[in-house]
Amino acid sequence: MPSCVHARIPEESQPPNKQVKPLFRHFRRIDSCLQTRVAFRGSDEIFCRVYMPDHSYVTIRSRLSASVQDILGSVTEKLQYSEEPAGREDSLILVAVASSGEKVLLQPTEDCVFTTLGINSHLFACTRDSYEALVPLPEEIQVSPGDTEIHRVEPEDVANHLTAFHWELFRCVHELEFVDYVFHGERGRRETANLELLLQRCSEVTHWVATEVLLCEAQGKRVQLLKKFIKIAAICKQNQDLLSFYAVVMGLDNAAVSRLRLTWEKLPGKFKNLFRKFENLTDPCRNHKSYREVISKMKPPVIPFVPLILKDLTFLHEGSKTLVDGLVNIEKLHSVAEKVRTVRKYRSRPLCLDMEASPHHLQTKAYVRQFQVIDNQNLLFELSYKLEANSQ
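Heads up: these notes are all about the structure in this document. Computed from a prediction, not measured in an experiment: that's the story for all the values here.

### Concerning the packing of aromatic side chains
Geometrically, a pair of aromatic rings is defined through the distance of the ring centres and the angle of the planes.
Right, so step 1: For the structure shown, the criterion picks out 12 aromatic pairs.
Right, so step 2: Seen in terms of ring centroids, Trp208 and Tyr367 are 6.3 Å apart; in terms of plane orientation they differ by 70°. Their pairing is edge-to-face. Placement of the pair is Trp208 in helix α6 (residues 193–214) and Tyr367 in helix α15 (residues 361–369), with a sequence separation of 159 residues.
Right, so step 3: Take Tyr367: its relative accessible area is 13%, and that puts it in the buried class.
Right, so step 4: Look at Phe245 and Phe278: their rings are 5.0 Å apart centre to centre, the planes differ by 85°, and that puts the pair in the edge-to-face class. Within this pair, whereas Phe245 is found in helix α8 (residues 242–252), its partner Phe278 is found in helix α11 (residues 269–281), the two being separated by 33 residues in sequence.
Right, so step 5: Accessibility expressed as a relative area gives 5% for Phe278, which makes it buried.

### Some thoughts on the packing of helix α12 (residues 285–296) against helix α13 (residues 306–319)
Two measures define how a pair of helices packs: the angle their axes make with one another and the distance between the axes.
Right, so step 1: At a minimum axis distance of 12 Å, the contact between α12 and α13 shows a crossing angle of 135°. Viewed along their axes, α12 and α13 adopt a mutual orientation that is oblique. Crossing of α12 against α13: the hand is left-handed. Seen from α12, the contacting residues are Asn287, His288, Tyr291 and Arg292; seen from α13, they are Leu308, Lys311 and Asp312.
Right, so step 2: Class assignment of the residues belonging to the contact of α12 with α13 gives a composition of 2 nonpolar, 2 polar and 3 charged.

### Considerations on the sheet that holds strand β4 (residues 103–106)
Right, so step 1: A sheet is described by the order of its strands in space; here 5 strands give the open sequence β2-β1-β5-β3-β4, paired in mixed fashion. The outermost strands of the open sheet, each flanked by one partner alone, are β2 (57–63) and β4. The sheet shows a mean angle of 40° between the axes of neighbouring strands, taken without regard to direction.
Right, so step 2: As paired strands, strand β1 (residues 45–51) and β2 are joined by 7 bridges and run antiparallel to one another. Looking at β2, one finds that Cys48 is bridged to Ile60.
Right, so step 3: Strand contacts of helix α2 (residues 68–79): β1, β2, β3 (92–97), β4 and β5 (122–127), with the helix running at about 135° to β2, the strand carrying the most contacts.

### Details of the packing of helix α4 (residues 155–172) against α15
Right, so step 1: Contact pair α4 / α15: the axes reach a minimum separation of 9 Å and the direction vectors enclose 60°. When the axis of α4 is compared with that of α15, the two are oblique. The way α4 lies across α15 gives a crossing that is right-handed. In this structure, α4 uses Asp157, Val158, His161, Leu162, Ala164, Phe165 and Glu168 to contact α15, whose residues at the interface are His361, Thr364, Lys365, Val368 and Arg369.
Right, so step 2: Residue composition of the contact of α4 with α15, grouped by class: 5 nonpolar, 3 polar and 4 charged.

### Quick notes on the nonpolar core
Right, so step 1: Counting residues in hydrophobic clusters, the biggest one holds 81 residues, and the most contacted among them are Ile150, Leu162, Phe178, Trp208, Phe229, Ile232 and Phe245.
Right, so step 2: The dominant element in this core, judged by the number of residues it contributes, is α6, at 10 residues.
Right, so step 3: Grouped together as the second largest cluster of nonpolar side chains are 24 residues, Met52, Leu64, Leu72 and Leu197 included.

### A word on the pairing of β5
Right, so step 1: Of all 6 residues in β5, 6 are buried, a share of seventy percent or more.
Right, so step 2: Residues His122, Phe124 and Cys126 point to one face of β5 and Leu123, Ala125 and Thr127 to the other, with burial holding for every one of them.
Right, so step 3: Bridge analysis of β1 against β5 gives 2 bridges, and the strand direction is parallel. Its bridge partner being in β5, Tyr51 is matched across the sheet by Phe124.
Right, so step 4: Here β3 runs beside β5; their pairing, made up of 6 bridges, is antiparallel. By the bridge assignment for β5, Leu92 is matched with Thr127.

### Considerations on unusual backbone geometry
Right, so step 1: For the bond from Pro300 to Pro301, the omega torsion is 10°, close enough to zero to count as cis.
Right, so step 2: In this structure, His55 is a non-glycine residue whose phi angle is positive, near 75°.
Right, so step 3: Topologically, His55 is positioned in the loop between β1 and β2.
Right, so step 4: Of the residues examined, His55 reaches a relative accessible area of 22% and is grouped as partly exposed.
Right, so step 5: Phi at Arg286 is positive, roughly 55°, even though this residue is not glycine.
Right, so step 6: Among the structural elements, Arg286 can be located in helix α12.
Right, so step 7: The exposed category is assigned to Arg286, whose relative accessible area is 65%.

### Some words on a nonpolar patch on the surface
Right, so step 1: On the surface, Leu323, Val328, Ile330 and Leu333 cluster together to form a nonpolar patch covering roughly 340 Å² of accessible area.
Right, so step 2: When you line up the elements, Ile330 lands in helix α14 (residues 330–346).
Right, so step 3: Residue classification places Ile330 among the partly exposed positions, given a relative accessible area of 48%.

### Focus on α4
Right, so step 1: Between its first and last C-alpha, α4 extends 26 Å over 18 residues, near the 26 Å set by a 1.5 Å rise per residue.
Right, so step 2: Buried residues dominate α4, accounting for 15 of its 18 residues.

### Things to note about the pattern of salt bridges
Right, so step 1: Following the criterion strictly, the structure yields 13 salt bridges and no others.
Right, so step 2: A salt bridge links Glu293 to Lys289; its shortest N-O distance comes to 2.4 Å. In this pair, Glu293 and Lys289 are both assigned in helix α12, 4 residues apart and thus about one turn of the helix distant.
Right, so step 3: Taking the shortest distance from any N to any O, the salt bridge between Asp312 and Arg292 comes out at 2.9 Å. Taken together, the residues Asp312 in helix α13 and Arg292 in helix α12 connect sequence positions 20 residues apart.
Right, so step 4: The buried category is assigned to Asp312, whose relative accessible area is 13%.
Right, so step 5: Via salt bridges that share partners, Glu175, Arg344 and Arg347 belong to a single interconnected network.

About the cut-offs
- Residues numbered from 1 in each chain as written.
- Predicted model: local features only at pLDDT ≥ 70, side-chain atom pairs only at ≥ 80, totals over all residues.
- Heavy atoms only, no water.
- Phe/Tyr/Trp six-rings, centres within 6.5 Å; stacked < 30°, edge-to-face > 60°.
- Helix = DSSP H or I, 4+ residues; strand = E, 2+ residues; numbered from the N terminus.
- Buried < 20%, exposed > 50% of the residue type's maximum accessible area, 1.4 Å probe, protein only.
- Axes fitted to C-alpha atoms, helices over the stretch in contact; angles between N-to-C directions.
- Parallel < 35°, antiparallel > 145°, perpendicular 65-115°, else oblique.
- Left-handed = near helix turned anticlockwise from the far one by under 90°.
- Contact = heavy atoms within 4.5 Å.
- Nonpolar A, V, L, I, M, F, W, Y, C, P; charged D, E, K, R; others polar.
- Pairing = 2+ DSSP bridges.
- Core = buried A, V, L, I, M, F, W, Y, C linked by side-chain atoms within 4.5 Å.
- Patch = residues over 30% accessible without salt bridge, like charges linked within 9 Å, V, L, I, M, F, W, Y side chains within 5 Å.
- Areas by Shrake-Rupley, 256 points an atom, 1.4 Å probe, with all protein chains shown as cover.
- Salt bridge = Lys/Arg side-chain N within 4 Å of Asp/Glu carboxyl O.
- Expected span 1.5 Å × (residues − 1).

Okay, here's the thing in structure tokens:
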């Protein structure tokens, strides 16, 4: 990949600083997702939906770093509840409900909850006696198999838009967010919103790959889809977007996808061999030796597999104490600083992609930035069993 190629797509204008930033996880609006991504700060105000047990919802305006107590206060005001003493049975609690039905009761002092939710998790406000009755939103548990946008777009366009979006997200992450994310137990929770959104996006891409394959009912089209995703992974690697590369390969390695034996058997040998090489590159054996060798030869701009940076930092943090006999462990902090400096090195040159303008450009861009995915592994397996049974 050339170090820099002039893009032919005009950049979108940056939103004004004073504008309320819609958090893309919660509001998947086209006008928002097409804007160039800018860094979030804890003081930024966002819009968010908080659901009731009957799946009605209120839209609140809140700081990104708001505590559970603050969120409940805004919900209560919207619902025109009177102030209730803490501990009353009819006072509201805040619950995160995942698409699998798993529920997590959030404590009043917890903060920055918006960016820590799962991909298809939603906030619910309810009384304690209605906690057990909470169920996921219908759209999170009902699926409609069939052809989607992925069948109508070229792998080059998808891969380039993935890289462009992930570069926007990656450059929004401040180096200190990596430190705060790993050291949060000692430092207290700080602003790691941009890093957490990037991590969630990685998980979202992985589930997107599995979702698209398992929603495709015709075996012939599924084979074509496997080929397309392998091509997408190859182009992302060529773009030096190892985050997207890893996510796509992990999506194809999802147990519900890999068990589609009859589909994989029909994949041409050329693509089987290529995918096998990709699996070797993402193999965690010998401390991700293959991946580290590849990325060490890349020159910026590079989008690394961010979870591995956090793994390395966690190893450094937990492997030795920060304070030894009341003195700061300088050697440890130097090692942490050196690891964090690699993030700056990866971003030391701008990323420029050669993307031809086309009538479908904005449509593809919107599709790539607002995936609709199934993150319930049990549901993915159900789809997998049905596909295998129909292929017999």
